[in-house]
Amino acid sequence: MDLETFAPGSGLLEPRAALRSDAPALDLNGTWRFRLSPTANIPDDFAQPSFDDSDWGSLPVPSHWNLHGHGAPAYTNVDFPIPIDPPRVPDENPTGDYRRVFDLSEGWTGGRLRFEGADSFARIWLNGHELGFWTGSRLPAEFDAGPYLRPGRNVLAVRVHQWSAATYLEDQDMWWLPGIFRDVTLTRSTADVFVRTSYADGHATLSFEGSGRLSVPELGVADLAPGVEVPVEAEPWTAETPRLYDAVVTFPEETVRLRIGFRTISIVDGVLLANGRPLLFKGVNRHEFHPSRGRVVPYETMREDVLLMKRHNVNAVRTSHYPPHPDFLDLCDELGLWVIDECDLETHGFGEVGWRGNPTDDPRYADALLDRMRRMVERDKNHPSIIMWSLGNEAGVGRNLAVMADWTRSRDSSRPIHYEGDRSCAHTDVYSRMYASHTEVEAIGRREEAPLDDPALDARRRGMPFMQCEYAHAMGNGPGGLAEYQELFERYPRLAGGFIWEWIDHGLAHPVHEYAYGGDYGEPVHDSNFVIDGLVFPDRTPSPGLVDLKKVFEPVRFEFGDGVVRVVNGHGFVDLSHLEFVATVEENGETVAEHQLPVPAEGGEVKLPFTSGSGDGDGSEAELWLTVRAVLASDQPWAAAGHEIAWGQTRLTPTGTPTAPRPAAPGSPRRVVVDGQERHVLGDAAFDPATGRLVRLFGLDVEGPRLDLWRAPTDNDRYGGLEAKWRGLGLHRLTHRVDSVDLGDELTVRTRVAPAATDLGMLATYRWALSGDGELLLTVDIEPDGDWQDPIPRLGLTMTLPGTAVDRVTWFGRGPGEAYPDTGMSARVGRWTATIEELQTPYVYPQENGHRAGVRWASFGAFTVSGDPVFGLTARRWSADELAAASHRPDLVAGDRVHLHLDLAHQGIGTATCGPGTLPKYDLRAHPATFSLRFAPGTR
Ligand code: IPT
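Since we're looking at a predicted model, the values are computed, not measured.

## Thoughts on the sheet that holds strand β3 (residues 25–27)
And step 1. Across the sheet, four strands lie side by side as β3-β16-β8-β12; this open sheet has antiparallel pairing. This sheet does not close on itself; its edge strands, each paired only once, are β3 and β12 (141–144). Taking each pair of neighbouring strands and ignoring which way they run, the sheet shows an average axis angle of 20°.
And step 2. Judged from the three bridges that link them, β3 and strand β16 (residues 184–187) form a sheet pairing that is antiparallel. Considered in β16, the bridge of Ala-25 is made with Thr-187.

Here it is in structure tokens:
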């Protein structure tokens with residue numbers, strides 16, 4: 001059958017640029033007649049104009065039929081959902097038949113039917129005449145409709161098969177979503193142009209290929225003929241200065257408009273340059289995704305993506321792993337993002353069978369691979385934002401890579417070629433990897449990487465710039481280790497930065513689960529929540545990972561010295577004159593002074609108007625923090641004036657006289673009978689005499705605090721293997737044994753905390769005392785018992801309170817967002833407040849979250865806890881066990897207790913779902929520790 005042919009298509013017109021033309025066009029988006037069949041082996045009589053489709057349903061175009069009640073979506077990462085047997089596909093092959101009637105006015109002649117994307121194999125008929133077929137889901141296809149168009153009623157019929165020989169080329173890690181999912185038009189435009197620009201040393205040039213005449217009025221260019229290069233007085237295009245010029249190309253039959261930019265990408269001494277200056281990617285991988293529409297992304301949503309990226313200091317996008325909707329690239333040109341445009345090619349599933357039969361190395365697929373590259377390059381060649389062509393993703397190695405690369409070089413030598421899957425880099429201009437560890441990235445930065453076997457290829461690769469096309473897997477809580485990567489990228493000129501995996505969680509809106517992932521539609525083969533690995537949640541709310549990334553990518557750094565702050569300009573192309581610096585001093589989280597600082601355009605030292613604070617009041621406890629923020633001085637197209645792009649913080653020394661600590665006339669515990677029960681009472685706290693456990697505190701019925709080592713595993717804990725170790729040790733089922741309860745000046749409770757079936761444990765001794773002003777002082781000594789080898793999840797105390805007792809938490813410490821040892825770079829010291837609900841990070845797959853770090857004190861309404869050392873705080877309406885058992889957001893239901901975790905330490909987060917685990921310095925090892933907490937009545 002046709003759909004099992006290696007040929008990429010038939011009847012197609014030559015690919016050409018996406019252009020805005022004034023030629024007449026008819027928008028064929030809208031409601032089409034639709035019928036879904038379970039197999040491909042059905043008659044094609046539906047293509048006849050006389051066919052009666054009155055018993056069919058309807059379907060919007062563009063859309064995916066399985067998101068509109070016809071079948072269900074399915075998710076696999078690497079695995080093919082069909083047997084690997086190219087070019088054959090199963091008989092079970094969902095097939096969508098589409099019909100659309102349109103009217104043409106008298107006098108309309110000629111035209112092309114243009115499809116921007118159909119997944120995965122489509123055949124087309126116009127008025128009963130077959131025009132051909134095409135593959136390449138995320139690539140445009142055009143057919144000459146002219147001979148068959150007629151005035152009045154026309155009937156367009158399209159048959160789309162979900163599986164075809166081309167499926168073997170489209171094994172990207174995403175939902176399988178068939179259908180005509182991008183725009184359809186009938187257009188009379190036939191124009192094609194390839195605008196060539198350059199910018200170097202202040203000089204710009206302009207020329208173009210094609211026919212017609214090119215004018216750029218703003219540059220005084222009028223009626224330029226093709227093939228003639230002219231110098232122009234133009235400003236350069238960069239992602240930081242996305243300067244575009246309106247160009248017009250006139251042809252006898254039509255006029256097209258495009259926006260052009262001037263820039264030159266080059267590689268000099270193994271360093272990637274834009275307009276002669278080093279180019280550092282602060283990038284993300286973007287799939288096209290919308291939670292209810294799949295890969296049909298409305299224009300406003302695309303724009304939101306670009307704005308969100310810009311506002312979080314992201315400067316680059318890899319269009320993983322296919323060319324995006326063309327409008328997205330216009331937005332990148334306009335708002336400023338460097339783009340790696342990636343071909344619609346991935347054959348990853350062949351890796352599961354030792355790469356046997358990989359299309360990348362099968363000459364029968366050569367035309368198809370070349371066709372894909374050509375259609376991408378031709379469509380997108382005029383975008384200044386696109387600075388590299390990528391041959392595809394995870395397609396192994398093979399001779400067809402050379403076919404794609406050679407053609408691309410001959411067509412467009414102005415953009416380097418990228419492909420990660422071939423370590424020899426034989427066909428690429430940059431050395432690209434994914435998920436390389438910090439150690440390896442550093443070795444590559446120094447050009448000290450392990451050599452390739454072939455010395456010539458090794459020498460060639462060693463001379464290339466290096467980038468990570470994917471790193472820091474943003475799945476669930478995390479990624480950790482971002483700051484350490486950025487430090488390397490900024491240290492070694494060879495390193496051109498990288499692209500976080502990935503931009504968005506592909507959670508599909510679901511009536512029960514809120515967001516669905518693999519397996520939620522009953523797919524027999526699936527990869528569960530591996531599709532939930534983005535920096536933004538499915539509704540595009542930034543997750544903590546994106547907020548951290550903003551800090552890590554910030555283009556201005558503040559380094560504090562004695563009475564000065566040194567400002568480092570980390571932009572690649574602009575100075576700092578578009579910014580304002582605002583300095584704020586806070587005393588215990590309350591603003592006491594605010595000043596505007598001068599902005600040194602090139603960076604440099606700025607004198608601070610203060611080195612220390614007023615220190616009025618209780619100098620013994622006062623903490624003074626100076627925060628300097630860099631904000632936009634005026635509105636930019638992507639953010640309003642005042643938008644913060646960077647900040648730095650330092651602690652100041654108070655000048656006030658420290659107040660002497662209040663003398664404490666300590667009370668001592670008494671044995672009393674309360675409500676018929678014997679209790680040890682210490683101030684406003686009551687303990688169970690048998691277990692020594694606190695049962696009432698400031699009038700509240702409480703449980704704990706007691707030692708806890710467990711956390712609901714994060715995705716990184718889970719996929720990286722730590723969870724299995726922890727469960728193997730039994731850390732999720734600790735037992736508590738009270739060895740003694742002693743009543744003296746203090747209440748001393750000695751315990752041993754340990755899981756069943758092992759000899760490992762923790763000795764925990766709790767000492768409770770009362771201060772003169774009624775505060776409860778708790779000191780916990782922790783001593784590991786036995787030979788602890790593996791990192792532990794957490795070291796801290798857990799307690800519960802009545803749910804009605806706490807609504808809001810106010811704390812002085814780092815915030816406002818969550819922070820773990822290797823995340824939370826965006827959390828600064830201050831006074832913060834949030835409801836319990838707001839303290840939760842709603843990861844689509846529930847897991848440990850919401851930990852606030854560096855907390856000095858926290859108020860819960862009835863009482864305030866302060867810690868020495870500072871502590872980590874988590875408050876939830878469910879337990880860690882309930883959190884660990886949940887698999888979707890709605891599984892978490894508020895109970896009648898508030899669960900507080902007051903932690904000394906947490907295991908780091910890392911990025912082990914894909915890539916390196918936690919850096920050794922962020923591993924939490926069992927160690928002896930002392931933790932002091934002070935419980936005071938009321939709120940601060
Ligand atoms: C890498 C893929 O390129 C990317 O598409 C995604 O699947 C990611 O993994 C995991 O989320 S490939 C992997 C073998 C490193």
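Let us keep going from here.
## A closer look at the domain arrangement of the protein
And step 1. Domain boundaries in the protein define domain 1 (9–187), domain 2 (193–250), domain 3 (280–551), domain 4 (554–651) and domain 5 (675–937).
And step 2. Taken together, the eleven residues of domain 3 in the interface contact twelve residues of domain 4.
And step 3. Of the roughly 1000 Å² buried between domain 3 and domain 4 on both sides combined, carbon and sulfur atoms contribute 47%.
And step 4. Summed over the shared surface of domain 3 and domain 4, the result is two salt bridges.
And step 5. Secondary-structure elements contributing two or more residues to the side of domain 3 that touches domain 4 are α1 (299–311), α7 (482–491) and α8 (544–552).
And step 6. Ranked by residues supplied to the side of domain 3 that touches domain 4, first place goes to α1 with three residues.

## Some thoughts on the site of the ligand
And step 1. Taken together, the neighbourhood of the ligand is formed by 14 residues, with Asp-173, His-321, Asn-393, Glu-470 and His-473 sitting nearest.
And step 2. Separating an oxygen atom of the ligand from a side-chain N or O atom of Glu-470 is a distance of 2.7 Å.
And step 3. Separating an oxygen atom of the ligand from a side-chain N or O atom of His-473 is a distance of 2.7 Å.
And step 4. In the complex, 84% of the free accessible area of the ligand, which totals 390 Å², lies under the protein chains.

## Some thoughts on the packing of aromatic side chains
And step 1. Summed over all chains, the structure comprises 34 aromatic pairs.
And step 2. For the pair Phe-115 and Trp-134, a centre-to-centre distance of 4.6 Å together with 40° between the ring planes defines the contact as tilted. Remark: Trp-134 occurs in strand β11 (residues 129–134) and Phe-115 occurs in strand β8 (residues 112–115); sequence separation between them is 19 residues.
And step 3. Within the aromatic cluster, the residues linked to one another by ring pairs are Phe-687, Phe-698, Trp-768, Phe-860, Phe-863 and Phe-935.
And step 4. Above the face of the Trp-108 ring, Arg-188 is positioned so that its terminal group lies 5.2 Å from the ring centre.
And step 5. Stacked on the ring of Phe-194, the Lys or Arg Arg-196 has its end atom at 3.8 Å from the ring centre.

## Some details on the environment of Ala-222
And step 1. Note on placement: Ala-222 falls in strand β20 (residues 221–224).
And step 2. Considered as a pair, Ala-222 and Val-248 are 26 residues apart in the sequence and their alpha carbons are 9.3 Å apart.
And step 3. Setting aside residues up to four positions removed in sequence, Ala-222 forms contacts with Leu-214 and Ser-215.

## Here we look at the pattern of salt bridges
And step 1. Evaluated as defined, the whole model comprises 74 salt bridges.
And step 2. One salt bridge connects Glu-590 with Arg-831, and the closest N-O pair in it is separated by 3.2 Å. Linking Glu-590 in strand β40 (residues 590–597) with Arg-831 in strand β57 (residues 828–835), this pair joins segments that are 241 residues apart in sequence.
And step 3. Arg-831 sits in the partly exposed class, given a relative accessible area of 30%.
And step 4. One salt bridge in this structure joins Glu-837 and Arg-877, with 2.9 Å as the shortest N-O distance. Here the residue Glu-837 occupies a position in the loop between β57 and β58 (852–859), and Arg-877 occupies one in the loop between β59 (863–876) and α11 (880–885), the gap between them amounting to 40 residues.

## Focus: the nonpolar core
And step 1. Counting 113 residues, the largest nonpolar core has Ile-500, Trp-503, Leu-549, Val-556 and Phe-581 as its most contacted members.
And step 2. Contact partners of Ile-500, with chain neighbours within four places excluded, come to Gly-283, Val-284, Asn-285, Tyr-471, Ala-472, Ala-474, Leu-482, Leu-535, Leu-549 and Phe-553.
And step 3. By size, the runner-up hydrophobic cluster in this structure holds 59 residues, among which are Leu-760, Met-762, Val-809 and Leu-839.

## Examining the environment of Gly-667
And step 1. Mapped onto the elements, Gly-667 comes out in the loop between β44 (644–654) and β45 (670–674).
And step 2. Excluding residues within four positions of it along the chain, Gly-667 makes contact with Leu-682, Asp-745 and Leu-770.

## Thoughts on the packing of helix α5 (residues 438–445) against α7
The angle between the axes and the distance between the axes are what describe a pair of packed helices.
And step 1. Packing of α5 against α7 leaves a shortest axis separation of 10 Å and a crossing angle of 0°. Judged by the angle between their axes, α5 and α7 are roughly parallel. Each of His-438, Val-441 and Glu-442 in α5 lies in contact with α7, whose residues at this interface are Glu-484, Tyr-485, Leu-488, Phe-489 and Arg-491.
And step 2. A class-by-class count of the residues in the contact of α5 with α7 yields four nonpolar, one polar and three charged.

The rules behind these values
Residues numbered from 1 in each chain as written. Predicted model: local features only at pLDDT ≥ 70, side-chain atom pairs only at ≥ 80, totals over all residues. Heavy atoms only, no water. Pairing = 2+ DSSP bridges. Helix = DSSP H or I, 4+ residues; strand = E, 2+ residues; numbered from the N terminus. Axes fitted to C-alpha atoms, helices over the stretch in contact; angles between N-to-C directions. Domains from an automatic or database assignment. Contact = heavy atoms within 4.5 Å. Buried area = accessible area lost by both parts, 1.4 Å probe. Salt bridge = Lys/Arg side-chain N within 4 Å of Asp/Glu carboxyl O. Near = heavy atom within 4 Å. Polar contact = N/O pair within 3.5 Å; in protein donor to acceptor, adjacent residues only side chain to side chain. Areas by Shrake-Rupley, 256 points an atom, 1.4 Å probe, with all protein chains shown as cover. Phe/Tyr/Trp six-rings, centres within 6.5 Å; stacked < 30°, edge-to-face > 60°. Lys NZ or Arg CZ within 6 Å of the ring centre and 35° of its normal. Buried < 20%, exposed > 50% of the residue type's maximum accessible area, 1.4 Å probe, protein only. Core = buried A, V, L, I, M, F, W, Y, C linked by side-chain atoms within 4.5 Å. Parallel < 35°, antiparallel > 145°, perpendicular 65-115°, else oblique. Nonpolar A, V, L, I, M, F, W, Y, C, P; charged D, E, K, R; others polar.

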